[in-house]
Amino acid sequence: MTAIQMNAEILRNLGTLAEDESMLKRVAKYLRKLVAEKEADSTEMSHEEFIARVEKAEKDIDEGKGITFTNRDDMNAWLNSL
């Protein structure tokens, strides 16, 4: 389903609820919650930010910075410490 199709479906469904004020309030409350979750997502980044992080990581590797592990247990211990 494309974004245009989803928008059309949402609008059709809202039209069905248009005369029920309590349902519209519930929909509005849920939409505010979804927007707040999206705005609070600290993992979301732009393409440019992502590329910059990859380039920095590659530079760090070239400079010998980083962490290496000789076995899985050491790696898991380090990951669990994060």
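Residues numbered from 1 in each chain as written. Predicted model: local features only at pLDDT ≥ 70, side-chain atom pairs only at ≥ 80, totals over all residues. Heavy atoms only, no water.

A. Structural context of the overall build of the chain. A count of helices and strands for the chain gives four helices and zero strands. By the compact-globule yardstick of 12 Å for 82 residues, the chain is too spread out, its C-alpha radius of gyration being 23 Å. The 82 residues of the chain split such that 1% are buried. Working note: accessible area of the chain is about 7,800 Å², and carbon and sulfur atoms make up 57% of it. Across the chain, the centroid of the 12 positively charged side chains sits 6 Å from that of the 17 negatively charged ones. (Helix = DSSP H or I, 4+ residues; strand = E, 2+ residues; numbered from the N terminus. Rg over C-alpha atoms; globule rule 2.2 N^0.38 Å. Buried < 20%, exposed > 50% of the residue type's maximum accessible area, 1.4 Å probe, protein only. Areas by Shrake-Rupley, 256 points an atom, 1.4 Å probe, with all protein chains shown as cover. Lys, Arg positive; Asp, Glu negative; His and termini not counted. Charge placed at Lys NZ, Arg CZ, Asp CG, Glu CD.)

B. Highlighting the packing of aromatic side chains. Under the criterion given, the structure shown has one aromatic pair. The interplanar angle of 50 degrees and the centroid separation of 5.8 Å between the aromatic rings of phenylalanine 69 and tryptophan 78 together place this pair among those described as tilted. Judged by its relative accessible area of 33%, phenylalanine 69 is partly exposed. Take tryptophan 78: its relative accessible area is 35%, and that puts it in the partly exposed class. (Phe/Tyr/Trp six-rings, centres within 6.5 Å; stacked < 30°, edge-to-face > 60°.)

C. Molecular detail of the confidence of the model for the chain. Confidence in the prediction of the chain, expressed as mean pLDDT, is 89, and 100% of residues score 70 or more. Ranking the helices and strands of the chain by mean pLDDT puts helix α4 (residues 72–81) first, with 93, and helix α2 (residues 21–39) last, with 89. (pLDDT = per-residue confidence, 0-100.)

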